[in-house]
Amino acid sequence: MLNQTPSFDTLGRRVDYLRISITDRCNERCLYCMPEGFSDWKPRGEILAYEEILETVQAAVQVGFKKFRVTGGEPLVRNDVVSFIERLSKIPGVETIGMTTNATRLAPLAKPLREAGLQTINISLDALTPEVYRQITHGEVQPVIEGIKAAIAAGFKSVKLNTVLIRGMNEHEIWPLICFAAEHQITIRFIELMPVSLSEMLTEKNFLPAGEVMEQIRGKDELIPLNEVRLGHGPARYFKLPQTEATVGFIGAITNLHFCESCNKMRLTADGKIRPCLGNHGELDLRDILRRDHSLDDLVHVFRQALHEKPPEHVFRDNYQPQRIMTAIGG
Ligand code: SAM
Ligand code: SF4
């Protein structure tokens, strides 16, 4: 029988959400995430095999983790992702499985992923105008739109859009994106730029605070807080726009000083490290343990240690310098 106990860190935060990066590779090059021309991928042998990830999840469940999100890099560029999701969904104690994707390859995979047990999907969409989308991601927007429609048709429990705010690039896309989300009856979240990549564009000049976007929206509609409803697993704040009939969230990791108080997550990096906080360098290695003679308890022990070491808050405001790009850590 599953011996699952709730997992709390030293600050009493219940940590039950693990984001799993299954690859550091990506088919796009978003300005804020991956330096242009980047192709310094980790050798395949350094990336956890699916079997190793599944065993890690079994250990995570023992520590009280229940919610899992598959991400990357771009998770849909890794082979056999559908059968991986199916195996993940069969692990006792895994309650929800989500995915974060750029959706460029989602259209043909949406239904198989849903049938395999994927429940929720978050799709990155920084612009609707093809030229602006191309400028930010170096990719094409049309396959992404088709991926979004396929996800809605596949009947996921939730489909959300994620838009990273970049001053001077996508301010004019914000309102059309809100209308697009409302038209398709899906939630859209605006994410403040974070210093999580080695990219040169992560400057103050390009930073667009969530508060400024809220003011922009208030010029067109009301923002009614949805405090009572928990629409996601993380610290996003959600609002209803009554006239537009849109639901909008804000992930203000930089300007919201209470952001970390409700943090409930950890990350498993593509190369097998537990990262208790995105905005702190600390990591605990699992891969070495996975690749030698070991028991599930050895992995459980590392998760408990990670809970113990989870920092109170990110240090993004303290001139934080990422030592490796976000795709290796897992967004
Ligand atoms: N490739 C997938 C995608 O783009 O959705 C999953 C991985 S991506 C690293 C996960 C999320 O992180 C995306 O929503 C992306 O927009 C966001 N992200 C990446 N770099 C960021 C940055 N510097 N600041 C804020 N969000 C960022
Ligand atoms: Fe790729 Fe996602 Fe990073 Fe864009 S945000 S480069 S799609 S991993």
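The structure presented is a predicted model; accordingly, all values stated were derived computationally and were not measured.

Reading the values: the criteria
- Residues numbered from 1 in each chain as written.
- Chains lettered and ligands numbered in written order.
- Predicted model: local features only at pLDDT ≥ 70, side-chain atom pairs only at ≥ 80, totals over all residues.
- Heavy atoms only, no water.
- Near = heavy atom within 4 Å.
- Polar contact = N/O pair within 3.5 Å; in protein donor to acceptor, adjacent residues only side chain to side chain.
- Areas by Shrake-Rupley, 256 points an atom, 1.4 Å probe, with all protein chains shown as cover.
- Helix = DSSP H or I, 4+ residues; strand = E, 2+ residues; numbered from the N terminus.
- Buried < 20%, exposed > 50% of the residue type's maximum accessible area, 1.4 Å probe, protein only.
- Right-handed = clockwise from strand over helix to strand, strands pointing away.
- Axes fitted to C-alpha atoms, helices over the stretch in contact; angles between N-to-C directions.
- Parallel < 35°, antiparallel > 145°, perpendicular 65-115°, else oblique.
- Left-handed = near helix turned anticlockwise from the far one by under 90°.
- Contact = heavy atoms within 4.5 Å.
- Nonpolar A, V, L, I, M, F, W, Y, C, P; charged D, E, K, R; others polar.
- Arc of directions from axis to C-beta.
- Expected span 1.5 Å × (residues − 1).
- Pairing = 2+ DSSP bridges.

K.L.:
Please set out the site of ligand 1 residue by residue, giving values where relevant.
P.N.:
Close to ligand 1 lie 20 residues; Tyr 32, Gly 73, Glu 74, Ser 124 and Met 194 are nearest. At 3.0 Å from a nitrogen atom of ligand 1 is found a main-chain nitrogen or oxygen belonging to Tyr 32. A distance of 3.0 Å separates a nitrogen atom of ligand 1 from a polar backbone atom of Gly 73. Across the complex, the protein chains shield 95% of the 540 Å² of accessible surface that ligand 1 would expose by itself. Residue assignment for the shell around ligand 1 shows that the elements contributing at least two residues are β3 (96–101) and β5 (158–164).

K.L.:
If you had to explain the pairing of strand β1 (residues 17–21) to someone new, which residues and values would you point to?
P.N.:
Counting buried residues in β1 gives five out of five residues, a clear majority hidden from the surface. Burial along β1 is two-sided: Tyr 17, Arg 19 and Ser 21 and Leu 18 and Ile 20, pointing in opposite directions, are all buried. Where the polypeptide runs from β1 across helix α1 (residues 50–63) and back to strand β2 (residues 67–71), its parallel neighbour, the crossover connection is right-handed.

K.L.:
So what's going on with the packing of α1 against helix α9 (residues 296–309)? Which residues, and what values?
P.N.:
In contact at an axis separation of 9 Å, α1 and α9 are set at 60 degrees when each is read in the N-to-C sense. With respect to each other, α1 and α9 are oriented oblique. Crossing of α1 against α9: the hand is right-handed. In contact with Glu 55, Thr 56, Gln 58, Ala 59, Ala 60, Gln 62 and Val 63 of α1, α9 contributes Leu 296, Leu 299, Val 300, Phe 303, Arg 304 and Leu 307. Classifying every residue of the contact of α1 with α9 gives eight nonpolar, three polar and two charged.

K.L.:
Requested: an account of helix α7 (residues 210–218), with residues and values cited.
P.N.:
Of all the positions in α7, only Ala 210, Val 213, Met 214 and Ile 217 are classed as buried. All buried residues of α7 lie within an arc of 105 degrees about the axis, which places them on one face of the element. Buried residues along α7 sit in contact with α6 (174–183), β8 (237–241) and β9 (246–251).

K.L.:
Account for helix α5 (residues 142–154), naming residues and giving values.
P.N.:
The first and last C-alpha atoms of α5 sit 18 Å apart over 13 residues, in line with the 18 Å expected at 1.5 Å per residue. Turning to α5, its buried residues are Val 144, Ile 145, Gly 147, Ile 148, Ala 150, Ala 151 and Ala 154.

K.L.:
So, the pairing of strand β4 (residues 120–124): which residues are in play, and what are the values?
P.N.:
Strand residues, when the strand is regular, have side chains that alternate between the two faces of the sheet. A large share of β4 lies buried, amounting to four of its five residues. Where β3 lies against β4, four bridges are found, and the strand directions are parallel. Within the sheet, the bridge partner assigned to Gly 98 lies in β4 and is Thr 120. As a crossover connection, the stretch from β3 through helix α3 (residues 110–116) into β4 is right-handed. Sheet topology note: the β4/β5 ladder contains five bridges and is parallel. From the neighbouring strand, Ser 124 faces β5, where its bridge partner is Asn 162.

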